[in-house]
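Topology and contacts: notes
So the chains spell out like this:
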Amino acid sequence: MAQPDFNNLPTRLGVYTLIERLGHHELTDLYLATQTHMERDVVVQVLHPESDKQAVDYFLRMVRAKGAAELPRVSRVLESMMSGNIWFLTQEQPVGRSLAQMARDEVRLSTRQACAIISAAAELYTAAETRGYDTEPLEADSIFIHGEGDVHFLSPVVPGLFDPAKQEERLPAQMQALADALEPVLPQNVPGQTRVATLVQWLREGYEGSYMEWQSVGSTAAIINEQTAPVLSRSSVENLNSRVVTQQIKQKRAQRKMKRLILTIGISLLAIILMACVGVLLAPAEVKPLPYNAGGYVYIECGSSQYRVSGRPVSIGDYHKFLVKYEDANSMHERKRALINKGIPEQHTNHTPAEWEEQLQAASANGLWRGRRLNPESPVCGVSYWDALAYANYVGAQLPSAQLLSGAREVAGKENLPEEWCTGERQAITVYEGGTLVLPPTGREWPSVVPDRAVRDVNRGFRLVYPVSANKE
């Protein structure tokens, strides 16, 4: 039997034809495939052929765990077998597209789709905890969306039982992985985009120093979804088939029933969180004059457009997470790496800051670096313009103009800030220092120009800006 050529798709693996690789993982690869004699679409999870006995044993235990588990919205496990010397597992292929495919093709989610995914993930993790299943974090290649709210997952179940003592470590990993999967495909230029982005930020960083429970996250996503859902006019309702309307009513009742159950379980925690968050998530009763500071961002109006600028520069901790993923060839597909480096010269695609190890060591120990006491929230310094642009591409943001940066600093504060990269007229690279403009010798009120975008100054960092359509938020 001929060995499959995984580098030349499509290729045969037993009775399956592997068509497209969805993702690469430490022990396995995921492929979209078809089963020839059944003519059905499947997802094939292939154990790396060079795996040792320990990896094979773990893979077989994982197969048994996935096959025995019953969880909502999770594809059914079909079979596991060996072809030649290659072990693999097949699962039903969910309808729709994975977030990995959407990110590859630069397709964005709608607000309702993003909320549906977050709510469904919360439902999945809550059910796994209730039923005693241990799970690994969901990644972009395991999350599928069809239409506006039909969400399905490949099974995240792993061998072992749910251990409540480990939940404090497990919860941040689950939420950060979901944030990683969502960020490249977050909604843009649609109603509700800012509220979704805020919720995803809470998934990544927690809210006021702690992570929310999954039930509260799901309920918050449901509230955002309701706020941005289109309202049917009377004429459109009258034109609908009565059978469809009846079905919609039944679905709404079922959703309300489930929502009441979730709210009852987490009512105390949810009430506290929603009261604290109402100013950010819920539409305010009155429009705040711009600029204003909310949720770690400064909202600024410039011309006819509105922008959301980071209240502080990008931190050492956040940049470290980016760099770990960027430098791990096994976790980042070349397509995504190319998107991160869009517009960046090939010779400047190494994004390690100057004196990076020293910054990391000082930040992790609350120690000193160049006379500054650092922690993971301190601004990352020693980045070039290309490094800053790569990070902005990674999170779907932009670098602020000189005008936006100046406005954000006026509102959020100027104390203890490094110089910061920004953009200006004729694509000049401009820098702010200590919260004030660095004026050239002529005295013109314009920041100084740095001619070399590759320079890494240990006194220079950066922050991000997200365009917000003023007539949609």
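Residues numbered from 1 in each chain as written. Predicted model: local features only at pLDDT ≥ 70, side-chain atom pairs only at ≥ 80, totals over all residues. Heavy atoms only, no water.

Quick notes on the overall build of the protein
Per the secondary structure count, the protein includes 14 helices and 22 strands. Considering the protein as a whole, with its 473 residues, one finds that 46% of them fall into the buried category. Looking at the protein alone, contacts between residues at least 24 apart form 66% of all its contacts between residues at least 6 apart. Total accessible area on the protein is roughly 24100 Å²; 51% of this is exposed by carbon and sulfur atoms. (Helix = DSSP H or I, 4+ residues; strand = E, 2+ residues; numbered from the N terminus. Buried < 20%, exposed > 50% of the residue type's maximum accessible area, 1.4 Å probe, protein only. Contact = heavy atoms within 4.5 Å. Areas by Shrake-Rupley, 256 points an atom, 1.4 Å probe, with all protein chains shown as cover.)

Brief notes about the nonpolar core
Counting residues in hydrophobic clusters, the biggest one holds 44 residues, and the most contacted among them are Leu99, Leu109, Ile117, Leu182 and Trp214. Breaking this core down by element, the ones donating at least two residues are helix H2 (99-104), helix H3 (111-131), strand S9 (143-146), strand S10 (150-153), helix H4 (167-182), helix H5 (193-205) and helix H6 (214-228). For this core, the element with the most residues is H3, which contributes 12 residues. Beyond its immediate stretch of four places on either side in the chain, Leu109 contacts Leu99, Met102, Ala114, Ile117, Ile145, Leu182, Val185, Leu186 and Pro187. Grouped together as the second largest cluster of nonpolar side chains are 38 residues, Ala294, Tyr299, Ile340 and Ala362 included. (Core = buried A, V, L, I, M, F, W, Y, C linked by side-chain atoms within 4.5 Å.)

Observations regarding the packing of H3 against H6
Two numbers describe how H3 lies on H6: the axes approach to 8 Å, and their chain directions differ by 155°. Between H3 and H6, the crossing angle belongs to the class labelled roughly antiparallel. Considering how the two elements wind past one another, H3 and H6 form a crossing that is left-handed. Mapping the contact onto sequence places Thr111, Arg112, Cys115, Ile118, Ser119, Ala122, Tyr125 and Thr126 in H3 and Trp214, Gln215, Val217, Gly218, Ala221, Ala222, Ile224, Asn225 and Thr228 in H6. Counted by class, the contact of H3 with H6 contains 9 nonpolar, 7 polar and 1 charged residues. (Axes fitted to C-alpha atoms, helices over the stretch in contact; angles between N-to-C directions. Parallel < 35°, antiparallel > 145°, perpendicular 65-115°, else oblique. Left-handed = near helix turned anticlockwise from the far one by under 90°. Nonpolar A, V, L, I, M, F, W, Y, C, P; charged D, E, K, R; others polar.)

Remarks on the pairing of strand S2 (residues 16-24)
Pairing of strand S1 (residues 11-13) with S2, which is carried by 3 bridges, proceeds in the antiparallel orientation. Following the sheet pairing, Thr11 is matched in S2 by Leu18. Counting the residues between successive antiparallel strands, the hairpin from S1 to S2 contains 2 residues, one of them, Gly14, with a positive phi of roughly 65°. Where S2 lies against strand S3 (residues 28-35), 7 bridges are found, and the strand directions are antiparallel. (Pairing = 2+ DSSP bridges.)

Things to note about the confidence of the model for the protein
The predicted structure's coordinates, where accompanied by low pLDDT, should not be read in detail. Per-residue pLDDT for the protein has a mean of 81; in total, 79% of the residues score no lower than 70. The model gives residues 231-246 a pLDDT under 50, and that stretch makes 5 contacts with residues more than four places away or in other chains. Note on residues 433-446: pLDDT is under 50 here. Beyond four places in sequence and across chains, it has 25 contacts. (pLDDT = per-residue confidence, 0-100.)

Observations concerning helix H1 (residues 53-68)
For the α-helix, the turn length of 3.6 residues means that residues three or four positions removed from each other point alike. The end-to-end C-alpha distance of H1, which contains 16 residues, comes to 23 Å, matching closely the 22 Å that a straight helix rising 1.5 Å per residue would cover. By the burial criterion, the buried members of H1 are Ala55, Val56, Phe59, Met62, Val63, Ala65 and Lys66. In this structure, the buried residues of H1 make contact with S3, strand S4 (40-47), strand S5 (77-83), strand S6 (86-92) and strand S11 (157-161). (Expected span 1.5 Å × (residues − 1).)

Looking at empty space enclosed by the protein
With the rule as written, the count across this model stands at 1 cavity of 30 Å³ or more. By volume, the largest cavity is sized at about 40 Å³. Only H3, strand S8 (133-135) and H4 provide two or more residues apiece to the lining of the largest cavity. Here the lining of the largest cavity is built from residues that sort into 5 nonpolar, 3 polar and 2 charged. (1 Å grid on protein atoms, 1.4 Å probe; cavity = no way out; pocket = protein on both sides within 12 Å on 5 of 7 lines; lining within 4 Å. Points joined across faces, edges and corners; volume = space filled by probe spheres on them.)

Looking at the packing of aromatic side chains
All told, the structure shown has 15 aromatic pairs when counted by the stated rule. Ring geometry for Tyr16 and Phe88: centres 5.8 Å apart, planes at 85°, overall edge-to-face. Remark: Phe88 occurs in strand S6 and Tyr16 occurs in strand S2; sequence separation between them is 72 residues. A residue is classified by how much of its surface remains accessible, and Tyr16, at 0% relative accessible area, is buried. The exposure class assigned to Phe88 is buried, which follows from its relative accessible area of 0%. Ring centres of Tyr319 and Trp356 lie 5.7 Å apart, and the angle between their planes is 75°; this geometry places the pair in the edge-to-face category. Pair noted here: Tyr319 is in helix H10 (residues 316-327) and Trp356 is in helix H12 (residues 356-364), with a separation of 37 residues, a long-range link. Owing to a relative accessible area of 6%, Trp356 belongs among the buried residues under this scheme. Feature note: the residues Tyr319, Phe322, Tyr326, Trp356, Tyr391, Tyr394 and Phe462 constitute an aromatic cluster, connected by ring pairs. (Phe/Tyr/Trp six-rings, centres within 6.5 Å; stacked < 30°, edge-to-face > 60°.)

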